[in-house]
Every structure is written in C-alpha cells, then in structure tokens.
Amino acid sequence: MSSDPQALEASDPLPSLRDEFHVPEGWAYLAGNSLGLQPKAARAAIEDELVEWARLGVEGWFEAREPWLEYAGSLRGPVARLVGAAEDEVAVMNTLTVNLHLLLASFYRPTPARHRILIEDTAFPSDSYAVQSQAAWHGFDPAEAVVRVPLDGVVEAIAREGDSLAVVLLPGLSYLTGEMLDVPALTEAVHAVGGVAAWDLAHSIGNVPVSLHDAGADFAVWCSYKYANGGPGAPGGAFVHERHGRRLDVPRLAGWWGNDPAERFRMEPDFVPRPGAEGWGVSTPTVLALAPLRASLEQFDRVGLNALRARSLRLTAYLEELLYEIAQRRPLTVITPREPGRRGCQLSVACDDAKRLAGRLRDEHGVVCDFREPDVLRFAPTPLYNTYCDCRRAADALLAVLDPR
Ligand SMILES: Cc1ncc(COP(=O)(O)O)c(C=O)c1O
C-alpha cells in the first residue's frame, strides 16, 4: 500500500492532539463518530466543580469560579462557532431527542392541509420515533403524515409534497453513509414550499463546518458525545434562528430555565421567555455533566475548526485511498461520496458479514470501528486524536479479515 503513514503524520501542517486524550491502550480507535475519546482535561474540569461544590454548597451557583448559573451559557460561544450561529441562537442543554421534541412542539404546528413531516428513509431511528409520535400527538396518522424518501430524492420530494409539508427534518451528515448534505440549498428548498427546515447535526458538530445562521435554518439539534468529545450522554444543544428566537410569542413547552433570568427568582407564576435559543430551556443545567464539554470545547477553540477540517480532509483522503486499494482485491464497497466536500471524516464500507468482521477487527487487530445494520462498517478518523498510522492499521486489518475476491 501507498505512502508511509509516519512520514505523512510528521509532515502534516496540524499535529494531532493525541497526547491530550486518553486513547484506550492498544487500540486504533476509529469510533469517534459514536463516542469521542476523553480529553485528559475532562477529569480536572469535573474535579474543579466538585471542589467548588464542597467549598461553597449552594453558593456555587453565584460564587464558583465559573458560576453555575452561567455555566451552560458560557459554553454557547464555542458551540456557536462549531455550528455557524450567533451566541444567542444556541442553547447547551438536554440531549438530542429531547431538544428535538421541545423544538417540534414549537415549530410543528400542523393544520389539516399542512401537516406532513418529511424525513429521509435511513433517518436515525430516534428521529423517526420523534416525528411519528409528534404527528400522532397532534391527532394525525403517522403512516400518512410522515413521508420517508431516499436521501438522493429529497429535493424532488420537497417540491412534490409542496404545501402539505409542515417540517422537513434532515441530517447534516448521514450517520450511515457519511454523506454530508447541503444545508443552505436544502433549507432554501424547504422554505420555497413554506415549510420549516430542521436539522439533526449529531454527525456534523465538531466534524464539519456548518453555517446554520447564514443558511437560514429554522432550528437544529445535536449531541455532544460524538465528535465534540463531551463524554457519554453529555448535554447536547439546540439552535433556533434569531428570527424565531426574538419572537417571545412562539408557543413552547416552558420551564423556569427558559424564563427571563431577571424574573426567575421572583417566583411569579407567569412565564416570561428569555430571547434566543435559551428561551427553550426547561430545567436546571447539569453542571457536572457539562464540565468535560467545557474542556473539549477549549481544544476546538484553540485549534480552530477550519484547521481541523483541513487535517480531517487529509486524514480521510488517506484512509479512502487505502480502502479503494482494498476494494480492488476484496469484496467491499465504499458507500461514502468520494467528493471531499460531500463528506466529513467518516467513511462507510458495505460488505458481507460486516457485524462479525467488526468483532474480528477489534478482537484480533485492536481496530475499533463500528457496525450498523444491515451491512455497514463505519471508520471515522477524527483529526484531533487519530493519526495516519491509525488509518493504515485499520486498512491492514480490514485486508486481513476479508476473504480475497
Ligand atoms: C443521527 C442521530 N440522531 C439522533 C441521535 C439520538 O441522540 P440522543 O440519544 O442524544 O437523543 C443519535 C445518537 O447517536 C444520532 O446518531
């Protein structure tokens, strides 16, 4: 196989931050698309808050070194930079599906004529459940109200369904194939038929640059435990475009953390939403769970998403080259688009017996990727901690476990 991975690593303009992460011993870990690795600074970030809790008790909400009252709010800046939003347009809270429900409660306002929700037919199951249950919640038959179309047929389907569409929910990047969607163009297509453009950025955030504000997306949701390295079950986030966020009359499922902070402790019964995405906040932020995310976001800000994306393109191109070489000798198909602008770092490979192969890759070769039904192996060389050597090791292992053609 081609180029020497060590030489490629040594000459890459952006050195990997691998030493700042706990990389499980002996593994080439290519599963950051599922759960990102732990930044070493995460432990100290949690410990800092434990110390403040021990030192201050309830006063930590106001007097901790990073007052807990503002803890989630202080993460909005770095998160907004990852999704191309203004700080006020994002809220760091809950997990993805919860945020999806909260925002659908506001932005899926179906009428008999316009009540359909369009998703793609390989949508992540939780998204599917969410939109089906929302349709049913409003008294519609999900089988009729939820339109599922192939990813490559989305544009035609939007035009065809036209003004029956209330919401179109799409992934920024497909969890299965790794294909990146054109957020601005699709948002425009949805708006052309009068629908709400909603985005699931689970596989985009921290992986590829996104410009939610400029694209005019209505809302978006994401989790922080994949490329954003926030840890298992880390709080996710939501984006609400400022044209909606400024409108305090948008109906919503309210809780006291969405209330105007100046009013919060007056203990009045009436809800006064704060402007911006945080107006969709419901409950007390989970400070200890946010601490690792704080450590991780500091890395993103230090490196910069554009430099990271540039390294990502180089790393993924290298793995891609190796996979295409294998495909000439072994029965596998790379199903991720070849054009670098249409993918992030993940490459998906379809092959027979993929589930068993994923097990063998791990157990016999220490290569951790993951398997997704029906026949897909996903390899995600993430630029913060993966190296060209990880890519090479994954490719060598794949060659070894696949039977010759
Ligand atoms: C594309 C996508 N959407 C939604 C989810 C669900 O996220 P959560 O469990 O945080 O609600 C996931 C989880 O992996 C996902 O990959």
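Note that the coordinates shown come from a computational prediction; the quantities given were computed from them, not determined experimentally. (Residues numbered from 1 in each chain as written. Predicted model: local features only at pLDDT ≥ 70, side-chain atom pairs only at ≥ 80, totals over all residues. Heavy atoms only, no water.)

*Asks:* Mind laying out the nonpolar core, listing which residues take part and the relevant values?
*Replies:* In this structure, Leu118, Ile158, Trp199, Leu212 and Trp222 are the most contacted members of the largest nonpolar core, which totals 63 residues. Looking at this core, the element that brings in the most residues is helix α13 (residues 287-303), giving eight residues. Those residues in contact with Trp222 that lie beyond four places of it in its chain are Val79, Val83, Val90, Leu96, Leu201, Ala202, Ile205, Leu212, Gly236, Gly237, Ala238 and Phe239. Formed by 32 residues, the second largest nonpolar core is a distinct cluster that contains Ala28, Leu332, Leu398 and Val401. (Core = buried A, V, L, I, M, F, W, Y, C linked by side-chain atoms within 4.5 Å. Buried < 20%, exposed > 50% of the residue type's maximum accessible area, 1.4 Å probe, protein only. Helix = DSSP H or I, 4+ residues; strand = E, 2+ residues; numbered from the N terminus. Contact = heavy atoms within 4.5 Å.)

*Asks:* Please provide a residue-by-residue account of the site of the ligand, values included.
*Replies:* All residues in the neighbourhood of the ligand are listed as Thr95, Leu96, Thr97, Phe124, Asp127, Asp200, Ala202, His203, Tyr225 and Lys226. In the environment of the ligand, an oxygen atom lies 3.2 Å from a nitrogen or oxygen atom belonging to the side chain of His203. Starting from 400 Å² of accessible surface for the ligand in isolation, the protein chains cover 84%. Here the residues of the shell around the ligand sort into four nonpolar, three polar and three charged. (Near = heavy atom within 4 Å. Polar contact = N/O pair within 3.5 Å; in protein donor to acceptor, adjacent residues only side chain to side chain. Areas by Shrake-Rupley, 256 points an atom, 1.4 Å probe, with all protein chains shown as cover. Nonpolar A, V, L, I, M, F, W, Y, C, P; charged D, E, K, R; others polar.)

*Asks:* Which residues make up unusual backbone geometry, and what are the values?
*Replies:* Pro374 follows Glu373 through a cis peptide bond whose omega is 0 degrees. If you check the backbone angles, Met267 has positive phi at about 60 degrees while not being a glycine. Judged by its relative accessible area of 61%, Met267 is exposed.

*Asks:* An account of the side chain of Glu320 is requested, with residue identities and associated values reported.
*Replies:* Along the polypeptide, Glu320 turns up in helix α14 (residues 305-327). A relative accessible area of 5% places Glu320 in the buried class. Excluding residues within four positions of it along the chain, Glu320 makes contact with Pro337, Arg338, Arg343 and Leu347.

*Asks:* Which residues make up the sheet that holds strand β10 (residues 237-240), and what are the values?
*Replies:* Taking strand neighbours across the sheet as the criterion, the seven strands line up as β4-β10-β9-β8-β7-β5-β6 in an open arrangement whose pairing is mixed. The open sheet is flanked by β4 (90-92) and β6 (146-149), the only strands paired with a single partner. For this sheet, the mean angle separating the axes of adjacent strands, direction not counted, is 15 degrees. Sheet strands in contact with helix α4 (residues 76-83) are β4 and β9 (219-222), and its direction is about 125 degrees off that of β4. (Pairing = 2+ DSSP bridges. Axes fitted to C-alpha atoms, helices over the stretch in contact; angles between N-to-C directions.)

*Asks:* So what's going on with the sheet that holds strand β15 (residues 376-379)? Which residues, and what values?
*Replies:* Ordered in space as β11-β12-β15-β14, the four strands form an open sheet in which the pairing is antiparallel. At either margin of the open sheet sits one strand with a lone partner, and together these are β11 (333-334) and β14 (370-372). The pairing of strand β12 (residues 347-350) with β15 spans four bridges and is antiparallel. Of the residues in β15, the one forming a bridge with Ser348 is Arg378. Relative to the sheet, helix α15 (residues 354-365) contacts β14 and β15, its axis offset from that of β15 by approximately 35 degrees.

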